[in-house]
Amino acid sequence: MIRSMTAFARKDAQGDWGSLTCEVRTVNHRYLEPSFRLPDALRELETGLRDALRGRLKRGKVDVSMRLQLAESSGQRFEISDEVAKAVNEAANHVNRILDNPAHISALDILRWPGVLSVPEQDFGPVRSAATQLFEDVVAELVVVREREGERLRPLFEERLTAMTGLVSEVRALMPDLLTAQEQNLRSRFEKAQVELEPERVAQEMVLLAHKSDVAEELDRLSAHITEVTDTLKSDEPIGRRLDFLMQELNREANTLSSKSIDARVTRAAVDLKVLIEQMREQVQNLE
């Protein structure tokens, strides 16, 4: 399964506590790099969400965002201690009776007194449970999107691998005739220079020429790498890093093939190979 690193997923959840929205956006990255933006009430979930994310994704820069809208019934509430408020008021009135210039005490003054006004702790347990489940659902959808986007690239890889196989076969078929032509060309140069053709000298020159122009090893490695890429595309494991390495190896062999070229057709085939490899490499950068 080919998985892209570029994807987006979004889901909503609602309950008696209000509504919650979760969005996850991913782009390509060498490693897995998650980033979370959570409401304060859900901040303690981040460690668990990170662990869950690592179990589903292997690479990519991941931006996770959650927005919480509490229902009005779940909004901020205050509790007032009537006993403490009465006690503060009575104490203030008592002091005012003693003073020559008593100051008026307002309700706000009494509310400011410690113990009069308090905010009860709200139970966010249901919200956190809903947020955890919502996150898992969004990540599951994200994985499906990444797989769908990745599978759309499969024909691109297959077309280019087929074209590369054809180029390798073409060069392989050319080499016997090219080496024969080079031998004849070498003999012609000796004859034009009116140099006596010593069998040993000709043999040495031919061995040197064959060594410099022998690309059988490069062609074999190109074929092996193409087969490896084809097999890797069938794997269910993340394949991005392996394909990136194989693209480097393919490019290295294509460069060597070009440097050893003794014919314009081989040079042209090597250039075409490098173009195809580069086209695949650009897409490989975006694979998990």
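Check the entry above for the structure.
Residues numbered from 1 in each chain as written. Predicted model: local features only at pLDDT ≥ 70, side-chain atom pairs only at ≥ 80, totals over all residues. Heavy atoms only, no water.

Participant: Tell me about the overall build of the protein chain, and please be specific about residues and values.
Facilitator: Tallying secondary structure elements over the protein chain gives 9 helices and 6 strands in all. Evaluated residue by residue, the protein chain yields a buried proportion of 34% over its 288 residues. Counted over contacts in the protein chain with a minimum sequence separation of 6, partners at least 24 positions apart contribute 79%. (Helix = DSSP H or I, 4+ residues; strand = E, 2+ residues; numbered from the N terminus. Buried < 20%, exposed > 50% of the residue type's maximum accessible area, 1.4 Å probe, protein only. Contact = heavy atoms within 4.5 Å.)

Participant: Give me the lowdown on the sheet that holds strand β1 (residues 7-15), citing residues and values where you can.
Facilitator: One open sheet accounts for 4 strands, arranged β1-β2-β4-β3; its pairing is mixed. Unpaired on one side and paired on the other, β1 and β3 (32-37) mark the two borders of the sheet. Across this sheet, the average inter-strand angle for adjacent strands is 10°, counted without regard to direction. Lying on the sheet, helix α4 (residues 125-151) is in contact with β1, β2 (18-27), β3 and β4 (60-70); it crosses β1 at an angle near 155°. (Pairing = 2+ DSSP bridges. Axes fitted to C-alpha atoms, helices over the stretch in contact; angles between N-to-C directions.)

Participant: Give a description of the packing of helix α1 (residues 46-54) against α4 that names residues and reports values.
Facilitator: Axis separation between α1 and α4 bottoms out at 11 Å; the angle between their running directions is 25°. Considering the angle they form, α1 stands roughly parallel to α4. In the crossing of α1 with α4, the sense of the turn from one axis to the other is right-handed. Along its contact with α1, which presents Leu 49, Ala 52 and Leu 53, the element α4 presents Thr 132, Phe 135 and Val 139. Classifying every residue of the contact of α1 with α4 gives 5 nonpolar, 1 polar and no charged. (Parallel < 35°, antiparallel > 145°, perpendicular 65-115°, else oblique. Left-handed = near helix turned anticlockwise from the far one by under 90°. Nonpolar A, V, L, I, M, F, W, Y, C, P; charged D, E, K, R; others polar.)

Participant: I'd like to hear about the pattern of salt bridges, residue by residue, with values.
Facilitator: Taken as a whole and assessed by the stated rule, the structure comprises 24 salt bridges. Among the salt bridges present, the one from Arg 67 reaches Glu 23, with a minimum N-O distance of 3.5 Å. With a gap of 44 residues between them, Arg 67 in strand β4 and Glu 23 in strand β2 connect regions that are remote in the sequence. Residue classification places Arg 67 among the partly exposed residues on the basis of a relative accessible area of 41%. The shortest N-O distance in the salt bridge between Glu 46 and Arg 50 comes to 3.0 Å. On the criterion of helical spacing, the pair formed by Glu 46 and Arg 50 is a turn pair, its members being 4 residues apart in helix α1. Looking at Arg 50, the relative accessible area reads 22%, which means it is partly exposed. (Salt bridge = Lys/Arg side-chain N within 4 Å of Asp/Glu carboxyl O.)

Participant: With reference to specific residues and values, describe the packing of helix α8 (residues 240-259) against helix α9 (residues 264-284).
Facilitator: Packing of α8 against α9 leaves a shortest axis separation of 9 Å and a crossing angle of 165°. Between α8 and α9, the interaxial angle falls into the category roughly antiparallel. Of the two possible hands of crossing, α8 and α9 adopt the one that is left-handed. Along the contact surface, α8 presents Gly 240, Leu 243, Asp 244, Met 247, Leu 250, Asn 251, Ala 254, Asn 255, Leu 257 and Ser 258, while α9 presents Val 266, Ala 270, Leu 273, Lys 274, Ile 277, Met 280, Arg 281 and Val 284. Here the residues of the contact of α8 with α9 are counted per class, giving 11 nonpolar, 4 polar and 3 charged.

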